[in-house]
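Given next are the chains, with one letter for each unit.
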Amino acid sequence: MLIINVIAFVAIFSALMVVFHRSPMVSVVFLIVNLVCIALFFLFLHAQFLFAIQLIVYAGAIMVLFVFVVMLLNLRQEEEQRPGWRIQRALAFVAGPLLVGALWTALWRRGRSSEAFPGGFSSGFGTAEDIGRLLFNDYLFQFEAASVLLVVAMIGAVVLARRRES
Amino acid sequence: MITSFLPLVAAVLFAIGAIGVLIRRNAIVVLMCIELMLNAVNLTFASYAYELRSMSAHVFIFFVMTVAAAEAAVGLGIVIAVFRKRQSADVDDVNLMRW
């Protein structure tokens, strides 16, 4: 339990750094730390396949994309302060804790279901084999739709980032 | 135990991501905060999968990751296109369709 607390602390700290650090590059690095923490949580939750996917796809591929764009754009670090910015910021700092309070209330008041499912884990729980079986039996249509989504996103990204000759 | 603790952590992470979307003006950081929120939701899914001994939530996480990858690719494509046009990745500079 101690190690879970430590990971939770690191996750929340890195999330705060993502939001509040001025440099986008440092934000990207702390986001990778946050994603690795969540991958470790997946390991504690018997989700080995998701642990691997989180590290490979999220911390690997998607974050490389972010690092690449941050490097490419060479952004100026300071963000200009516009009229109304202070009010928006103050409202965000009020709304954030309210959101946490609402979510925590909902989580505490939900029915406890641990007693209803006392059984242990099936031997394949969280493995690639069982997820694959679910994906290709129960969720086959959704899986195909996801593949179409990825193709559309790929075409869209190419079209959007293309340099127009005119 | 772990299944009541982790959703609380996920709620905090989600709120931090929401605050980031509201207060940051850099489009790339806003996209990163959206990734933060998606990951908080994934963590909640995973802890309920653990509590209910059901693997359907793992499939949902798989799809959330798919959508996040698509969203990151298209979002960063839009950021690059806007930057090329206006030399800025500030979300307040892109207000043609605001009202």
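Above this text you will find the structure in question.
Residues numbered from 1 in each chain as written. Chains lettered and ligands numbered in written order. Predicted model: local features only at pLDDT ≥ 70, side-chain atom pairs only at ≥ 80, totals over all residues. Heavy atoms only, no water.

### Some points on the overall build of chain B
Move 1: When helices and strands are tallied, chain B shows 3 helices and 0 strands.
Move 2: Computed over its C-alpha atoms, the radius of gyration of chain B comes to 16 Å, more than 25% above the 13 Å expected for a compact globule of 99 residues.
Move 3: In terms of principal-axis extent, the alpha carbons of chain B reach across some 50 × 25 × 20 Å.
Move 4: Across the 99 residues in chain B, those meeting the buried criterion constitute 65%.
Move 5: Excluding contacts between residues fewer than 6 apart, the proportion of contacts in chain B whose partners are at least 24 apart in sequence is 55%.
Move 6: Summed over all atoms, the accessible surface of chain B reaches about 3600 Å², with 71% contributed by carbon and sulfur. (Helix = DSSP H or I, 4+ residues; strand = E, 2+ residues; numbered from the N terminus. Rg over C-alpha atoms; globule rule 2.2 N^0.38 Å. Buried < 20%, exposed > 50% of the residue type's maximum accessible area, 1.4 Å probe, protein only. Contact = heavy atoms within 4.5 Å. Areas by Shrake-Rupley, 256 points an atom, 1.4 Å probe, with all protein chains shown as cover.)

### Quick look at the environment of alanine 72 of chain B
Move 1: Mapped onto the secondary structure, alanine 72 of chain B falls in helix 3 (residues 56-86).
Move 2: The exposure class of alanine 72 of chain B is buried, given its relative accessible area of 0%.
Move 3: As for alanine 72 of chain B and asparagine 26 of chain B, which are separated by 46 residues in sequence, their C-alpha atoms are 15 Å apart.
Move 4: Dropping the residues within four chain positions of it, alanine 72 of chain B is found in contact with Ile62, Leu65 and Phe66 of chain A together with Glu35 of chain B.

### Side note on the state of the cysteines
Move 1: Inspection of the entire model under this criterion finds 0 disulfides over all chains.
Move 2: In this model cysteine 37 of chain A remains outside any disulfide bridge; the closest cysteine sulfur is found in cysteine 33 of chain B, 16 Å from its own. (Disulfide = S-S within 2.5 Å.)

### A look at the interface of chain A and chain B
Move 1: Every contact between the two is made by 83 residues of chain A and, on the other side, 74 residues of chain B.
Move 2: Roughly 7100 Å² is buried in total at the junction of chain A and chain B, and carbon and sulfur atoms are behind 77% of that figure.
Move 3: On the surface where chain A and chain B come into contact, there are 0 salt bridges.
Move 4: Where chain A touches chain B, the interface holds 8 residue pairs in polar contact (both at pLDDT 80 or more).
Move 5: Elements that contribute at least two residues to the side of chain A that touches chain B include exactly helix 1 (2-20), helix 2 (24-44), helix 3 (48-73), helix 4 (85-109), helix 5 (128-137) and helix 6 (140-161) of chain A.
Move 6: Considering only residue class, the side of chain A that touches chain B consists of 56 nonpolar, 16 polar and 11 charged. (Buried area = accessible area lost by both parts, 1.4 Å probe. Salt bridge = Lys/Arg side-chain N within 4 Å of Asp/Glu carboxyl O. Polar contact = N/O pair within 3.5 Å; in protein donor to acceptor, adjacent residues only side chain to side chain. Nonpolar A, V, L, I, M, F, W, Y, C, P; charged D, E, K, R; others polar.)

### Brief notes about the pattern of salt bridges
Residues and elements named next belong to chain A.
Move 1: All told, the structure shown has 2 salt bridges over all chains when counted by the stated rule.
Move 2: Put simply, arginine 133 and glutamate 129 hold a salt bridge, and the shortest N to O gap is 3.1 Å. Residue arginine 133 and its partner glutamate 129 are located together in helix 5, separated by 4 residues, close to a single helical turn.
Move 3: Its relative accessible area of 47% is what places arginine 133 among the partly exposed residues.
Move 4: On the basis of relative accessible area, glutamate 129 is assigned to the exposed category, the value being 53%.
Move 5: Among the salt bridges present, the one from arginine 133 reaches aspartate 130, with a minimum N-O distance of 3.8 Å. Taken together, the residues span about one helical turn, with arginine 133 and aspartate 130 both in helix 5 at a distance of 3 residues.
Move 6: Where salt bridges share partners, they join Glu129, Asp130 and Arg133 into one cluster.

### Focus: helix 2 (residues 27-52) of chain B
Working note: α-helix, 3.6 residues per turn, so residues spaced by three or four point in the same direction.
All names here are of chain B.
Move 1: Its 26 residues place the ends of helix 2 38 Å apart at the C-alpha level, agreeing with the 38 Å of an ideal helix rising 1.5 Å per residue.
Move 2: The backbone nitrogen of isoleucine 28 has a side-chain oxygen 3.1 Å away, supplied by the residue at the start of helix 2, namely asparagine 26.
Move 3: Two residues or fewer after helix 2 comes arginine 53, characterised by a positive phi angle close to 55°. (Expected span 1.5 Å × (residues − 1).)

### Things to note about the nonpolar core
Move 1: Counting residues in hydrophobic clusters, the biggest one holds 58 residues, and the most contacted among them are Phe41, Phe42, Phe66 and Leu73 of chain A together with Ile28 and Met32 of chain B.
Move 2: Of all the secondary structure elements, the ones that give two or more residues to this core are helix 1, helix 2, helix 3 and helix 4 of chain A together with helix 1 (2-23), helix 2 and helix 3 of chain B.
Move 3: At 11 residues, helix 2 of chain B tops the list of elements feeding residues into this core.
Move 4: Ignoring sequence-local partners within four residues, the contact set of methionine 32 of chain B consists of Val18, Pro24, Ser27, Val28, Leu31 and Phe66 of chain A.
Move 5: Core analysis: the second largest hydrophobic core is formed by 10 residues, Ile131, Leu134, Leu135 and Ala146 of chain A among them. (Core = buried A, V, L, I, M, F, W, Y, C linked by side-chain atoms within 4.5 Å.)

### Quick notes on the packing of helix 3 of chain A against helix 3 of chain B
Move 1: Two elements in contact, helix 3 of chain A and helix 3 of chain B, have axes separated by 11 Å at closest approach and are oriented at 5°. Between helix 3 of chain A and helix 3 of chain B, the crossing angle belongs to the class labelled roughly parallel. Contacts between helix 3 of chain A and helix 3 of chain B pair Phe49, Leu50, Ile53, Gln54, Tyr58, Ile62, Leu65, Phe66, Val69, Leu72 and Leu73 of chain A from the former with His58, Ile61, Phe62, Met65, Ala68, Ala69, Ala72, Ala73, Leu76, Val79, Ile80 and Phe83 of chain B from the latter.
Move 2: Each residue belonging to the contact of helix 3 of chain A with helix 3 of chain B can be placed in one class, and the counts come to 21 nonpolar, 2 polar and no charged. (Axes fitted to C-alpha atoms, helices over the stretch in contact; angles between N-to-C directions. Parallel < 35°, antiparallel > 145°, perpendicular 65-115°, else oblique.)

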